[in-house]
Amino acid sequence: MLKILKYSSFDLMRSRWSYVYFLFYLLLGFVLLFLNNNVSKAVITLMNIIIVIVPLIGTIFGVMYYYNSREFTILLLAQPLKRSTIFLGQYIGLSISLSISLLLGLGIPFIFYGIFESAAIWDFSSLLITGVFLTFIFVALSINIALSNENRIKGFGFAILMWLFLAVIYDGIFLISLMIFNDYPLDKFSLIATMTNPIDLSRILILLKLDISALLGYTGAVFQKFFGTGLGVIISFSVLILWVLIPAWLIVVKSGRKDF
Amino acid sequence: MINISNLHKNFGKVVVLRGIDLEIKKGGIFAILGPNGSGKTTLIKSILGMVIPDSGKIAVNNHSVLKEWSYRDNINYLPQIADFPNNLSVKELIKMIKNLRGKTASDSELIEILGLKPFLDKKLGNLSGGTRQKVNLVLCFMFDSELLILDEPTTGLDPVSLIQLKKIIRQEKKIGKTIIITTHIMSFVEEMADEIVFLLDGNIYFKGTIEQLQIKTEQKNLEHAIANILTLENA
Amino acid sequence: MKNILTALIFCLINANAYTQVIKVCPDCKINSIAQALKIAKNGYKILIEKGLYSERNIIIDKSIQLIGAGNPVIDGDNKGEIITIKADNVSISGFTIKNVGTSYTEDNAAIKVVKGNFFTISNNTLENVFFGITIEKSKHGIIENNNISSTATQEYNSGNGIHLWHCDDIKVKNNQLHGLRDGIYFEFVTNSSISGNISKNNVRYGLHFMFSNDNEYFENTFVNNGAGVAVMFSKNINMHHNKFIKNWGSSSYGLLLKEIYDAEITDNLFEQNTIGIHAEGSTRINYKKNNFINNGWAIKISGACYTNKFTKNNFVSNAFDVSYNSKLNDNVFDNNYWSEYAGYDLDKNGIGDVPFRPVKLFSYIANKTPETIVLLRSLFIDIINFSEKVSPVFTPDNLLDNNPLMQEIK
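Residues numbered from 1 in each chain as written. Chains lettered and ligands numbered in written order. Predicted model: local features only at pLDDT ≥ 70, side-chain atom pairs only at ≥ 80, totals over all residues. Heavy atoms only, no water.

Side note on the overall build of chain B
Our working rule: For helices the rule is a DSSP run of H or I covering at least 4 residues; for strands it is a run of E covering at least 2, with both sets numbered from the N terminus onward. Here the radius of gyration uses the C-alpha set of atoms, whereas the globule reference equals 2.2 Å times the residue count to the power 0.38. Here the term buried applies to any residue with accessible area under 20% of the maximum for its type, exposed to any over 50%, and partly exposed to those in between, with areas from a 1.4 Å probe on protein chains only. Whether two residues are in contact is decided by their heavy atoms: any pair within 4.5 Å suffices. With residues, only the protein chains shown are counted as cover, and all accessible areas are computed by Shrake-Rupley using a 1.4 Å probe. Only four residue types enter the charge count, namely Lys and Arg as positive and Asp and Glu as negative; His and the chain termini do not. Every charge is mapped to an atom, namely NZ of Lys, CZ of Arg, CG of Asp or CD of Glu.
Looking only at helices and strands, chain B has 8 helices and 10 strands in total. Here the C-alpha atoms of chain B give a radius of gyration of 18 Å, agreeing with the 18 Å that 2.2 N^0.38 yields for 235 residues. The dimensions of chain B, computed from C-alpha atoms along their principal axes, are 55 × 40 × 35 Å. Per-residue burial for chain B yields a buried fraction of 50% across its 235 residues. Long-range pairs, those at least 24 residues apart, make up 68% of the contacts in chain B with a sequence separation of at least 6. Element-wise, carbon and sulfur atoms account for 50% of the exposed surface of chain B, whose accessible area totals about 10,900 Å². The average position of the 29 basic charges and that of the 26 acidic charges among the side chains of chain B differ by 4 Å.

Here it is, written out as structure tokens:
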């Protein structure tokens, strides 16, 4: 698997898109710091962007990479390699190269601005870690979609729809249901609804780091207990890991059944 | 060498293979023929494990290949469409496949024979169709395996290269390799094949030598013999 | 002329000679404060030397000065009150007074003043108290440089640090208060000031203020109190240069204003509070040059708040800047700095060219359904906030800062 991983990330590192992605983040980092002129404030603005853009890019790249590397995949399938090796290798290779673009792209401007001396270093690191998680999650989800759809345009459409759903529509439904069932205890429902969407989950994780946990405590005892203690962070991270493992496992299952 | 029994495969509602029973003996060139959509590629890909059959058995050297992967170490495959990762150079691709297989390879001779040397450092995305097919050939023939599966090997080749290809195939045959070829070029089949199998609508319509087919269809020419089958079938 | 001067000097020396000093020490003939008080007369000075005095229910009913030299310790042994003052012109300074008895029926204090005017309580350390200093129906007093602490964990079995009830002209200055129920408590107190105090880690309020008109409090620091600071049912309050920090919790705020009229709130800092200022039914208040930094809500307005003016304040990195629970607005926001402001300043006059709308739709939603807070900073919320900004439906449409500043006010 390491070999496949190496080759697909090698392949991607040379593709124009990796540079575009890297430069996009580099520019974003510098612009944010220039406009805010304050590392802590830039981190908050960055969060808003990261939880929207990273999943979108992961989704697009996942689908694009799968369809574009079909021939390469077929070439590999004829080699004495396990299917799970091939697909997991490609998946991890893609996720790693996207993550590297993200880490370097954002890391460089913030290092220039002295993130290491800033108190925001931990906020910033948790932001990057969450960004890496989101990359792995959305690449896996979109590869699953691509595996299920031979038609590129359809696959692309579904993938974008999935992103739109998780990034926007889900929260809309979530908000409306909270408002409709206003009279009932909602804290458990809210927690579960948060866990079942990786974007919401990542957002909450970053917010906890950005010290809005007490604000969340405003809403009641269950929240306070969950977000006010280390428990919340541990559970959130575990669920986030599940969000990577389950789609990755689905890639193995789906690719094992597929005809090429 | 290869034993296939009662192989079925559907793609959605389309039935592609309807219970194929086939035995391919070790050694010699074996051509799989049939009109478009008759299931040739599906059959080949089933042997390779790229298509997963709905039912039936496939054994290579008396070992079932379903859900296996290590047996492919002994198979060289030439895919129908020569498409590769565009960002790699020819050299890198060859190196990579060698690295993945971990077998000794005779790539430099083949590069020489096929005249690929000037293209070694070019990116695969910038190559013409014919050159890519040559790269495809190098990748296929550079390893020493018992079984060779060639899907439309002649696509896009110029006459000189075609002669080279035939030479290579004959050489492989001489050292006792089993070679499975699908093609639409009948002259190629006539010239090369020891045995043919004719697929029609997912069934084996005929299996035997070219002579036997000629006798059966009462046609001297293979192309006509095939045409005869198809017109009979449609009539 | 010369004669008059000589006479004056003679008088002064004479007066001094009449100020009798009683010395108390563990090995002296007079070895307890109670004993000294018994023989003391008005105008006496009692000097208590270093040592441990296990005494309680000490009643001072004469005008005397109680002075601790070398930090003598009075230990009440957790039984009842320690010192009760029932006379005018009493001063107490330089003691460590500890272990006041907790009671559910009586408000025992380390030092209590009842109907005593012109008192001074200074430079004492009060430890493990129930109530620290309690002043009832007294005037013209000074409470200064005391350090009052306890180990309160529950509201019902703890007392206040400095507790004033029905008082006038009292100065509470430079005291430190922690681990109590309320750090400082004012009820029916007028013309008084609270300044330079540090009140932190108290169970309920850092400062609790009720029915007390015409007071001023300034340069105090309130940190990490259970519910912050509450100022209620009072008129003409002047609050300035105070710091309200880290009052995190489900129902805590930097400052709670309830039924307050005609107050000036200037130059204060509100940082990292769940709610910076929570104003309920408060009218004619000037909020000027305050800093609101990193609060959940900077200002939350509920109930009827009329003709308040918010000018020249800094609102920096708050989750919500202003929250309203109604569509009505009779308050003015002008010339503030808002870190959320994304407008431009083409004429370079330091004032943004488009107005800023500090109330977001989401703050309105979060008011109605608190659980929606989990959606804070999500894209969907940004979208609905934006649409509400373009055409206000749920939030007051006239609530605008027409002259938002481009730079933070230093």
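Points about the packing of helix H6 (residues 121-148) of chain A against helix H9 (residues 198-209) of chain A
Residue and element names in this part refer to chain A. The criterion, for reference: Fitting a line to C-alpha atoms yields each axis, with helices limited to the stretch in contact; the angle taken between N-to-C directions then spans 0 to 180 degrees. Should an angle fall under 35 degrees it is called roughly parallel, over 145 degrees roughly antiparallel, and 65 to 115 degrees roughly perpendicular, with every other angle called oblique. In this count, Pro and Cys sit with the nonpolar residues alongside Ala, Val, Leu, Ile, Met, Phe, Trp and Tyr, while Asp, Glu, Lys and Arg are called charged and the others, Gly among them, polar.
Interhelical geometry of H6 versus H9 gives an angle of 170 degrees and a closest axis separation of 9 Å. Viewed along their axes, H6 and H9 adopt a mutual orientation that is roughly antiparallel. Side by side, H6 and H9 meet where Trp-122, Asp-123, Ser-126, Leu-127, Thr-130, Leu-134, Ile-137 and Phe-138 of the first sit next to Pro-198, Ile-199, Ser-202, Ile-206 and Lys-209 of the second. Each residue belonging to the contact of H6 with H9 can be placed in one class, and the counts come to 8 nonpolar, 3 polar and 2 charged.

Remarks on a nonpolar patch on the surface
Residues and elements named next belong to chain A. Rules: Patch membership is restricted to residues that have no salt bridge and whose relative accessible area is over 30%. Joining uses 9 Å for like charges and 5 Å for the nonpolar side chains Val, Leu, Ile, Met, Phe, Trp and Tyr. Salt bridges are counted wherever a side-chain nitrogen of Lys or Arg sits within 4 Å of a carboxyl oxygen of Asp or Glu.
Taken together, Leu-27, Phe-30, Val-31, Phe-34, Leu-35, Ile-96, Ile-100, Leu-104, Ile-108, Phe-112 and Tyr-113 make up a surface patch of nonpolar side chains, about 1,100 Å² in accessible area. Mapped by element, the contributors of at least two residues to the nonpolar patch are helix H2 (16-36) and helix H5 (83-112). Along the polypeptide, Leu-27 turns up in helix H2. By relative accessible area, Leu-27 is classed as exposed at 59%.

A short note on the packing of aromatic side chains
We describe a pair of aromatic rings using the distance from one ring centre to the other and the angle between the two ring planes. Inclusion rule: Pairing of aromatic side chains requires ring centres within 6.5 Å, counting the rings of Phe and Tyr and the six-membered ring of Trp. Pairs whose planes differ by under 30 degrees are stacked, by over 60 edge-to-face, and all others tilted. Our definition puts a charge over a ring when NZ of Lys or CZ of Arg is within 6 Å of the ring centre and also within 35 degrees of the ring normal.
For the structure shown, the criterion picks out 32 aromatic pairs over all chains. Centroid distance B:Phe198 to B:Tyr205: 6.3 Å. Interplanar angle 70 degrees. Geometry classified as edge-to-face. In this structure B:Phe198 comes out as buried when scored by relative accessible area, which is 1%. Taking relative accessible area as the criterion, B:Tyr205 reaches 30% and is therefore assigned partly exposed. On the basis of an interplanar angle of 10 degrees and a centroid distance of 4.1 Å, the ring pair of C:Phe315 and C:Trp338 is categorised as stacked. With C:Phe315 in strand S34 (residues 314-316) and C:Trp338 in strand S37 (residues 337-338), this residue pair connects regions lying 23 residues apart in the sequence. There is no split in this pair, since C:Phe315 and C:Trp338 are both buried. Positioned above the aromatic ring of B:Phe143 is the side chain of B:Arg101, whose terminal nitrogen or guanidinium carbon lies 4.7 Å from the ring centre.

Comments concerning the nonpolar core
One recurring pattern in soluble globular proteins is that nonpolar side chains are buried together. Where we set the bar: For the purposes of this section, nonpolar cores are sets of buried Ala, Val, Leu, Ile, Met, Phe, Trp, Tyr and Cys residues that join through side-chain atoms within 4.5 Å. Just so you know, the domain bounds were taken from an automatic or database domain assignment.
Core analysis: the largest hydrophobic core is formed by 177 residues, its most contacted members being A:Tyr91, B:Leu93, B:Phe141 and B:Ile169. Here this core spans two domains, and each of domain 1 (19-226) and domain 2 (247-410) of chain C adds at least three residues to it. Residues within four places of B:Phe141 in sequence aside, it is in contact with B:Ser106, B:Leu110, B:Leu148, B:Leu150, B:Leu165, B:Ile168, B:Ile169 and B:Glu172.

Things to note about the state of the cysteines
All names here are of chain C. Counted only if it meets this: Only a pair of cysteine sulfur atoms within 2.5 Å counts as a disulfide in this structure description.
Counted by the stated rule, this structure contains 1 disulfide over all chains. Here Cys-25 connects covalently by a disulfide to Cys-28, the sulfurs 1.8 Å from one another. Taking the torsion about the S-S bond as the criterion, the Cys-25 to Cys-28 disulfide, at about 100 degrees, is right-handed. Looking at Cys-25, the relative accessible area reads 12%, which means it is buried.

Overview of the sheet that holds strand S6 (residues 75-78) of chain B
All names here are of chain B. How we decide: Two strands pair if DSSP finds at least two bridges between them.
The 6 strands are arranged S6-S7-S8-S3-S9-S10 in an open sheet whose pairing can be described as mixed. Pairing within the sheet leaves two strands with one partner each, and these edge strands are S6 and strand S10 (203-208). Adjacent strand axes in the sheet meet at a mean angle of 15 degrees when their direction is disregarded. Against the sheet, helix H1 (residues 40-48) engages strand S3 (28-33), S6, strand S7 (147-151), strand S8 (178-182) and strand S9 (195-200), with an angle of about 150 degrees to S7. Most of the contacts of helix H7 (residues 210-217) go to S10, to which it runs at about 115 degrees, and overall it touches S9 and S10.

Quick word on the interface of chain C and chain A
The condition that has to hold: The quantity reported as buried area is the accessible area (1.4 Å probe) lost by two parts once they are put together, taken as the sum for both. Throughout this description, a polar contact denotes any pair of N or O atoms lying within 3.5 Å of each other; where both atoms belong to protein, one of them has to be capable of donating a hydrogen while the other can accept it, and for residues adjacent in sequence the pair is counted only when both atoms sit in side chains.
Each partner contributes to the interface: chain C provides 30 residues, whereas chain A provides 34 residues. It is C:Glu371, C:Val374 and C:Arg377 in chain C that bury the most area against chain A; as a group they hold 27% of the surface buried on that side. Taken together, the connections running from chain C to chain A amount to 0 salt bridges. Counting across the interface, chain C meets chain A through 4 residue pairs in polar contact (both at pLDDT 80 or more). Secondary structure elements with two or more residues in the side of chain C that touches chain A: strand S32 (297-302), helix H3 (361-368) and helix H4 (379-390) of chain C. Counting residues per element, the side of chain C that touches chain A draws most heavily on H4(C), at 5 residues. Residues that form the side of chain C that touches chain A fall into these classes: 16 nonpolar, 10 polar and 4 charged.

A look at the pairing of strand S22 (residues 215-218) of chain C
All names here are of chain C. Relative to S22, strand S19 (residues 193-195) runs parallel, the two being bridged by 3 bridges. Counterpart to Ser-195 in the pairing with S22 is Phe-218. Summarising the sheet, S22 and strand S25 (residues 237-240) pair through 4 bridges and their orientation is parallel. Residue Asn-215 lies in a different strand from S25, and its bridge partner there is Ile-237.

With respect to helix H2 (residues 90-101) of chain B
All names here are of chain B. To be explicit about the condition: Here, expected helix span is obtained from the residue count minus one, scaled by 1.5 Å. For this quantity, the arc is that covered by the directions from the helix axis to the C-beta atoms.
Over its 12 residues, H2 extends 17 Å from the first C-alpha to the last, a length consistent with the 16 Å expected when each residue adds 1.5 Å. When we look at burial in H2, the residues that qualify are Val-90, Leu-93, Ile-94, Met-96, Ile-97, Leu-100 and Arg-101. Seen from one end, H2 has its buried residues packed into an arc of 160 degrees, which puts them on one side. Just beyond H2, the residue with positive phi is Gly-102, at close to 70 degrees.

Some remarks on the domain arrangement of chain C
Residues and elements named next belong to chain C. For chain C, the assigned domains are domain 1 (19-226) and domain 2 (247-410). On a C-alpha basis, the centres of domain 1 and domain 2 stand 40 Å from each other. Contacts between domain 1 and domain 2 engage 7 residues on the former and 4 residues on the latter. When the two sides are added together, the surface that domain 1 and domain 2 hide from each other amounts to roughly 350 Å², 34% of it contributed by carbon and sulfur. For the domain 1 face of the interface with domain 2, the top three residues by lost area are Tyr-205, Asn-225 and Gly-226, together amounting to 59%. There are 0 salt bridges connecting domain 1 and domain 2. Applying the counting rule to domain 1 against domain 2 returns 1 residue pair in polar contact (both at pLDDT 80 or more). By residue class, the composition of the side of domain 1 that touches domain 2 is 4 nonpolar, 3 polar and no charged.

What to know about the environment of C:Gly226
Counting through the fold element by element, C:Gly226 comes out in the loop between strand S23 (221-223) and strand S24 (228-235). As for C:Gly226 and C:Ser251, which are separated by 25 residues in sequence, their C-alpha atoms are 8.5 Å apart.

Focus on the side chain of B:Asn76
Residues and elements named next belong to chain B. Inspection of the secondary structure assignment puts Asn-76 in strand S6. In this structure the side chain of Asn-76 is engaged in a polar contact, spanning 2.9 Å, whose partner is the side chain of Ser-145. Contacts of Asn-76, omitting those with residues within four sequence positions, involve Arg-101, Cys-140, Phe-143, Ser-145, Leu-147, Leu-148 and Ile-149.

Remarks on the interface of chain A and chain B
Taken residue by residue, the interface counts 25 residues in chain A and 27 residues in chain B. With both sides pooled, the region where chain A packs onto chain B buries about 2,500 Å², and carbon together with sulfur makes up 62% of that total. Run the count over chain A and chain B and you get 1 salt bridge. Here chain A is connected to chain B by 8 residue pairs in polar contact (both at pLDDT 80 or more). Taken together, the elements giving at least two residues each to the side of chain A that touches chain B come down to helix H1 (2-13), helix H4 (70-77) and helix H12 (230-257) of chain A. For the side of chain A that touches chain B, a count of residues per class yields 12 nonpolar, 3 polar and 10 charged.

Re the sheet that holds strand S2 (residues 14-24) of chain B
Through backbone hydrogen bonds, the strands of a sheet pair up, either in parallel or in antiparallel fashion. Residues and elements named next belong to chain B. One open sheet accounts for 4 strands, arranged S2-S1-S4-S5; its pairing is antiparallel. Only two strands of the sheet have a single neighbouring strand rather than two, namely S2 and strand S5 (63-64). Judged from the 2 bridges that link them, strand S4 (residues 55-60) and S5 form a sheet pairing that is antiparallel. Paired with Val-60 across the strands is His-63, a residue of S5.

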